[in-house]
Amino acid sequence: MPMEQSVLESLIADAFPDAKIEINDLAGDGDHYAAHVVSSAFKGKSRVQQHQMVYDALKGQMGDVLHALALTTAVPQD
Amino acid sequence: MSSQEVNDWIRKQIANNDVVLFMKGTKKFPQCGFSGQITQILNYIGVDYADVNVLDDMSVREGIKEFSNWPTIPQLYVKGEFQGGCDIVKEMFQDGSLMQLFEEKGVAYDKSKTMSA
(Lines give C-alpha, C1' and ligand atoms only; values in the text may rest on other atoms or scores of the structure.)
Protein backbone atom coordinates (compact mmCIF):
# COMPACT_ATOMS: atom_id res chain seq x y z
CA MET A 1 0.00 0.00 0.00
CA PRO A 2 1.95 3.03 -1.25
CA MET A 3 1.92 6.50 0.31
CA GLU A 4 1.23 9.66 -1.69
CA GLN A 5 4.16 12.10 -1.70
CA SER A 6 1.83 14.87 -0.49
CA VAL A 7 0.74 12.72 2.47
CA LEU A 8 4.37 12.01 3.39
CA GLU A 9 5.20 15.71 3.18
CA SER A 10 2.20 16.83 5.26
CA LEU A 11 2.87 14.24 7.98
CA ILE A 12 6.42 15.58 8.35
CA ALA A 13 5.33 19.23 8.07
CA ASP A 14 2.69 18.75 10.76
CA ALA A 15 5.28 17.40 13.17
CA PHE A 16 7.98 19.94 12.25
CA PRO A 17 6.22 23.25 11.45
CA ASP A 18 9.51 25.11 10.90
CA ALA A 19 11.05 22.38 8.75
CA LYS A 20 12.52 22.70 5.30
CA ILE A 21 11.50 19.43 3.58
CA GLU A 22 12.83 18.03 0.31
CA ILE A 23 11.25 14.83 -0.97
CA ASN A 24 12.27 12.83 -4.04
CA ASP A 25 10.22 9.97 -5.39
CA LEU A 26 12.86 7.35 -6.10
CA ALA A 27 10.79 4.78 -7.94
CA GLY A 28 7.48 6.36 -8.88
CA ASP A 29 5.64 3.61 -7.04
CA GLY A 30 4.79 5.54 -3.87
CA ASP A 31 6.93 3.15 -1.88
CA HIS A 32 10.47 4.49 -2.22
CA TYR A 33 11.21 8.08 -1.30
CA ALA A 34 14.25 10.08 -0.27
CA ALA A 35 13.59 12.87 2.23
CA HIS A 36 15.84 15.58 3.62
CA VAL A 37 14.42 17.34 6.67
CA VAL A 38 16.01 20.43 8.24
CA SER A 39 14.50 21.53 11.54
CA SER A 40 15.57 23.27 14.74
CA ALA A 41 13.74 20.51 16.61
CA PHE A 42 16.75 18.28 15.91
CA LYS A 43 19.13 20.53 17.83
CA GLY A 44 21.14 18.51 20.38
CA LYS A 45 19.70 15.21 19.20
CA SER A 46 21.74 12.29 17.88
CA ARG A 47 21.23 11.10 14.32
CA VAL A 48 19.28 8.08 15.57
CA GLN A 49 17.02 10.31 17.68
CA GLN A 50 16.46 12.69 14.76
CA HIS A 51 15.41 9.85 12.50
CA GLN A 52 13.18 8.35 15.23
CA MET A 53 11.45 11.74 15.49
CA VAL A 54 10.69 11.65 11.77
CA TYR A 55 9.50 8.02 11.94
CA ASP A 56 7.24 8.96 14.85
CA ALA A 57 5.76 11.72 12.66
CA LEU A 58 4.76 9.02 10.17
CA LYS A 59 2.52 7.53 12.85
CA GLY A 60 3.56 3.91 12.48
CA GLN A 61 3.28 3.88 8.70
CA MET A 62 7.04 3.61 8.15
CA GLY A 63 7.93 0.08 7.19
CA ASP A 64 4.30 -0.91 6.69
CA VAL A 65 2.58 1.53 4.34
CA LEU A 66 5.85 3.11 3.26
CA HIS A 67 8.48 0.52 2.36
CA ALA A 68 11.58 2.64 1.96
CA LEU A 69 12.56 6.12 3.03
CA ALA A 70 16.15 7.21 2.43
CA LEU A 71 16.25 9.80 5.19
CA THR A 72 18.74 12.53 6.00
CA THR A 73 18.19 15.13 8.71
CA ALA A 74 19.96 18.34 9.69
CA VAL A 75 19.75 21.33 12.01
CA PRO A 76 19.46 24.71 10.28
CA GLN A 77 22.74 26.62 10.04
CA ASP A 78 22.46 29.69 12.34
CA MET B 1 8.87 -17.25 20.54
CA SER B 2 6.87 -15.17 23.02
CA SER B 3 7.69 -11.46 23.06
CA GLN B 4 9.60 -11.92 26.31
CA GLU B 5 11.63 -14.76 24.81
CA VAL B 6 12.30 -12.68 21.68
CA ASN B 7 13.55 -9.74 23.75
CA ASP B 8 15.80 -12.03 25.78
CA TRP B 9 17.11 -13.70 22.62
CA ILE B 10 17.79 -10.31 20.97
CA ARG B 11 19.49 -9.02 24.12
CA LYS B 12 21.72 -12.09 24.14
CA GLN B 13 22.83 -11.60 20.50
CA ILE B 14 23.66 -7.98 21.26
CA ALA B 15 25.50 -8.82 24.49
CA ASN B 16 27.47 -11.73 23.00
CA ASN B 17 28.79 -9.92 19.95
CA ASP B 18 30.71 -6.65 19.68
CA VAL B 19 29.00 -5.91 16.37
CA VAL B 20 25.60 -7.31 15.40
CA LEU B 21 23.71 -6.63 12.20
CA PHE B 22 20.03 -7.54 12.15
CA MET B 23 19.38 -7.89 8.44
CA LYS B 24 17.37 -9.56 5.68
CA GLY B 25 19.47 -12.44 4.43
CA THR B 26 23.05 -13.15 5.47
CA LYS B 27 26.34 -11.29 5.13
CA LYS B 28 27.20 -13.64 2.24
CA PHE B 29 23.73 -13.50 0.65
CA PRO B 30 21.91 -10.29 1.61
CA GLN B 31 18.30 -10.37 0.43
CA CYS B 32 17.56 -6.66 0.51
CA GLY B 33 19.35 -3.69 -0.98
CA PHE B 34 19.54 -1.79 2.28
CA SER B 35 20.86 -4.78 4.23
CA GLY B 36 23.33 -5.41 1.44
CA GLN B 37 24.69 -1.89 1.62
CA ILE B 38 25.61 -2.26 5.28
CA THR B 39 27.22 -5.67 4.74
CA GLN B 40 29.29 -4.14 1.92
CA ILE B 41 30.51 -1.39 4.24
CA LEU B 42 31.32 -3.76 7.13
CA ASN B 43 32.96 -6.31 4.80
CA TYR B 44 34.97 -3.54 3.13
CA ILE B 45 36.40 -2.19 6.38
CA GLY B 46 37.04 -5.71 7.62
CA VAL B 47 34.95 -5.70 10.79
CA ASP B 48 34.02 -9.03 12.34
CA TYR B 49 30.27 -9.05 12.96
CA ALA B 50 27.38 -11.36 13.68
CA ASP B 51 24.64 -11.34 11.05
CA VAL B 52 21.14 -12.15 12.23
CA ASN B 53 18.78 -13.05 9.38
CA VAL B 54 15.41 -11.72 10.54
CA LEU B 55 13.73 -13.54 7.68
CA ASP B 56 14.34 -16.78 9.59
CA ASP B 57 11.87 -15.81 12.32
CA MET B 58 8.98 -13.34 12.02
CA SER B 59 8.92 -12.78 15.78
CA VAL B 60 12.55 -11.56 15.60
CA ARG B 61 11.79 -9.47 12.52
CA GLU B 62 9.02 -7.65 14.36
CA GLY B 63 10.56 -7.89 17.83
CA ILE B 64 13.75 -6.05 16.88
CA LYS B 65 11.72 -3.08 15.60
CA GLU B 66 10.04 -2.72 18.99
CA PHE B 67 13.26 -3.46 20.88
CA SER B 68 15.09 -0.62 19.11
CA ASN B 69 12.09 1.66 18.52
CA TRP B 70 13.12 1.59 14.86
CA PRO B 71 10.60 0.64 12.16
CA THR B 72 12.86 -0.92 9.55
CA ILE B 73 15.55 -3.51 8.89
CA PRO B 74 18.62 -3.49 8.78
CA GLN B 75 19.70 -2.43 12.24
CA LEU B 76 23.28 -2.19 13.48
CA TYR B 77 24.44 -2.58 17.06
CA VAL B 78 28.02 -1.87 18.22
CA LYS B 79 29.04 -2.86 21.74
CA GLY B 80 25.44 -3.05 22.83
CA GLU B 81 24.49 0.36 21.43
CA PHE B 82 22.00 0.87 18.58
CA GLN B 83 23.66 2.84 15.76
CA GLY B 84 20.86 3.08 13.22
CA GLY B 85 19.87 1.68 9.86
CA CYS B 86 21.21 1.93 6.34
CA ASP B 87 21.05 5.72 5.99
CA ILE B 88 22.86 6.48 9.21
CA VAL B 89 25.54 3.79 8.82
CA LYS B 90 26.25 5.06 5.29
CA GLU B 91 26.54 8.64 6.61
CA MET B 92 28.83 7.43 9.40
CA PHE B 93 31.02 5.59 6.90
CA GLN B 94 31.24 8.60 4.61
CA ASP B 95 32.07 11.09 7.38
CA GLY B 96 34.46 8.70 9.12
CA SER B 97 32.53 8.54 12.40
CA LEU B 98 31.91 4.79 11.93
CA MET B 99 35.65 4.03 12.00
CA GLN B 100 36.09 6.49 14.84
CA LEU B 101 33.40 4.61 16.78
CA PHE B 102 35.17 1.28 16.21
CA GLU B 103 38.44 2.92 17.31
CA GLU B 104 36.86 4.23 20.51
CA LYS B 105 35.12 0.95 21.28
CA GLY B 106 38.21 -1.14 20.57
CA VAL B 107 36.62 -3.02 17.66
CA ALA B 108 39.22 -4.27 15.20
CA TYR B 109 38.94 -3.17 11.57
CA ASP B 110 41.24 -2.70 8.60
CA LYS B 111 42.68 0.76 9.18
CA SER B 112 43.97 0.96 5.62
CA LYS B 113 40.40 0.87 4.37
CA THR B 114 39.20 4.29 5.48
CA MET B 115 37.57 6.80 3.11
CA SER B 116 40.70 8.97 3.08
CA ALA B 117 43.01 6.07 2.15
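Refer to the structure presented above.
Residues numbered from 1 in each chain as written. Chains lettered and ligands numbered in written order. Predicted model: local features only at pLDDT ≥ 70, side-chain atom pairs only at ≥ 80, totals over all residues. Heavy atoms only, no water.

Enquirer: What's the story with the sheet that holds strand S3 (residues 75-78) of chain B in this structure? I'm lost.
Expert: Within a beta sheet, neighbouring strands are joined by backbone hydrogen bonds and run either parallel or antiparallel to one another. Residue and element names in this part refer to chain B. One open sheet holds the 4 strands; their spatial order is S2-S1-S3-S4, and the pairing between them is mixed. Strands with a single pairing partner mark the edges of an open sheet, and in this sheet they are strand S2 (50-53) and strand S4 (81-84). Ignoring which end each strand starts from, the neighbouring axes of this sheet average 25° apart. Here strand S1 (residues 19-23) pairs with S2 via 4 bridges, running parallel. (Pairing = 2+ DSSP bridges. Helix = DSSP H or I, 4+ residues; strand = E, 2+ residues; numbered from the N terminus. Axes fitted to C-alpha atoms, helices over the stretch in contact; angles between N-to-C directions.)

Enquirer: So what exactly am I meant to see when it comes to the packing of aromatic side chains here?
Expert: Applying the stated criterion across every chain, the model contains 8 aromatic pairs over all chains. Plain terms: the ring middles of Phe22 of chain B and Tyr77 of chain B are 6.0 Å apart, the flat faces sit at 75° to each other, and that makes the pair edge-to-face. Of this pair, Phe22 of chain B sits in strand S1 while Tyr77 of chain B sits in strand S3; the two residues are 55 residues apart in sequence, bridging distant segments of the chain. For Tyr77 of chain B, a relative accessible area of 5% puts it in the buried group. Ring centres 6.2 Å apart and planes at 40° place the aromatic pair Phe102 of chain B and Tyr109 of chain B in the tilted group. The pair Phe102 of chain B / Tyr109 of chain B is uniform in exposure class, with both members buried. Every member of this aromatic cluster is reached through a ring pair, and the members are Tyr55 of chain A together with Phe22, Phe67, Trp70, Tyr77 and Phe82 of chain B. The ring centre of Tyr49 of chain B lies 4.3 Å from the NZ or CZ of Lys27 of chain B, which sits over that ring. Directly above the aromatic system of Tyr109 of chain B lies the positively charged group of Lys111 of chain B, at a separation of 4.9 Å from the ring centroid. (Phe/Tyr/Trp six-rings, centres within 6.5 Å; stacked < 30°, edge-to-face > 60°. Buried < 20%, exposed > 50% of the residue type's maximum accessible area, 1.4 Å probe, protein only. Lys NZ or Arg CZ within 6 Å of the ring centre and 35° of its normal.)

Enquirer: Please explain the pairing of strand S1 (residues 20-25) of chain A as it appears in this structure.
Expert: On any regular strand, side chains alternate: one points to one face of the sheet, the next to the other face. In the sheet, S1 of chain A pairs with strand S2 (residues 32-38) of chain A via 6 bridges, with the strands oriented antiparallel. Each bridged residue has a counterpart across the sheet, and for Asp25 of chain A the counterpart in S2 of chain A is Tyr33 of chain A.

Enquirer: Sorry, what's going on with the packing of helix H4 (residues 86-95) of chain B against helix H5 (residues 97-105) of chain B here?
Expert: In a pair of packed helices, the angle between the axes and the distance between the axes together describe the arrangement. All names here are of chain B. Direction vectors running N to C along H4 and H5 enclose 85°, while the axes themselves pass 5 Å from each other. When the axes of H4 and H5 are compared, the pair comes out roughly perpendicular. Taking contact as the criterion, the partners of Val89, Met92, Phe93 and Asp95 in H4 are, on H5, Ser97, Leu98, Met99 and Leu101. The class makeup of the residues in the contact of H4 with H5 is 6 nonpolar, 1 polar and 1 charged. (Parallel < 35°, antiparallel > 145°, perpendicular 65-115°, else oblique. Contact = heavy atoms within 4.5 Å. Nonpolar A, V, L, I, M, F, W, Y, C, P; charged D, E, K, R; others polar.)

Enquirer: Teacher, can you tell me more about the environment of Glu22 of chain A here?
Expert: All names here are of chain A. Inspection of the secondary structure puts Glu22 in strand S1. For Glu22, a relative accessible area of 41% translates into the label partly exposed. Filtering out sequence-adjacent residues up to four positions away, Glu22 remains in contact with Ala34, Ala35 and His36.

Enquirer: Which parts of the structure should I look at to understand the interface of chain A and chain B?
Expert: By a widespread convention, an interface's size corresponds to the accessible area lost as its parts come together. With 14 residues of chain A in contact, the opposing surface of chain B contributes 16 residues. For the chain A face of the interface with chain B, the top three residues by lost area are Arg47, Val48 and Gln52 of chain A, together amounting to 45%. At the junction of chain A with chain B, the criterion picks out 2 salt bridges. Here Arg47 of chain A makes a salt bridge to Glu91 of chain B, at a shortest N to O gap of 3.1 Å. Counting across the chain A and chain B interface gives 6 residue pairs in polar contact (both at pLDDT 80 or more). Looking at the side of chain A that touches chain B, the elements with two or more residues in it are helix H2 (47-57) and strand S3 (68-74) of chain A. Residue contributions to the side of chain A that touches chain B peak at 6 residues, all from H2 of chain A. (Buried area = accessible area lost by both parts, 1.4 Å probe. Salt bridge = Lys/Arg side-chain N within 4 Å of Asp/Glu carboxyl O. Polar contact = N/O pair within 3.5 Å; in protein donor to acceptor, adjacent residues only side chain to side chain.)

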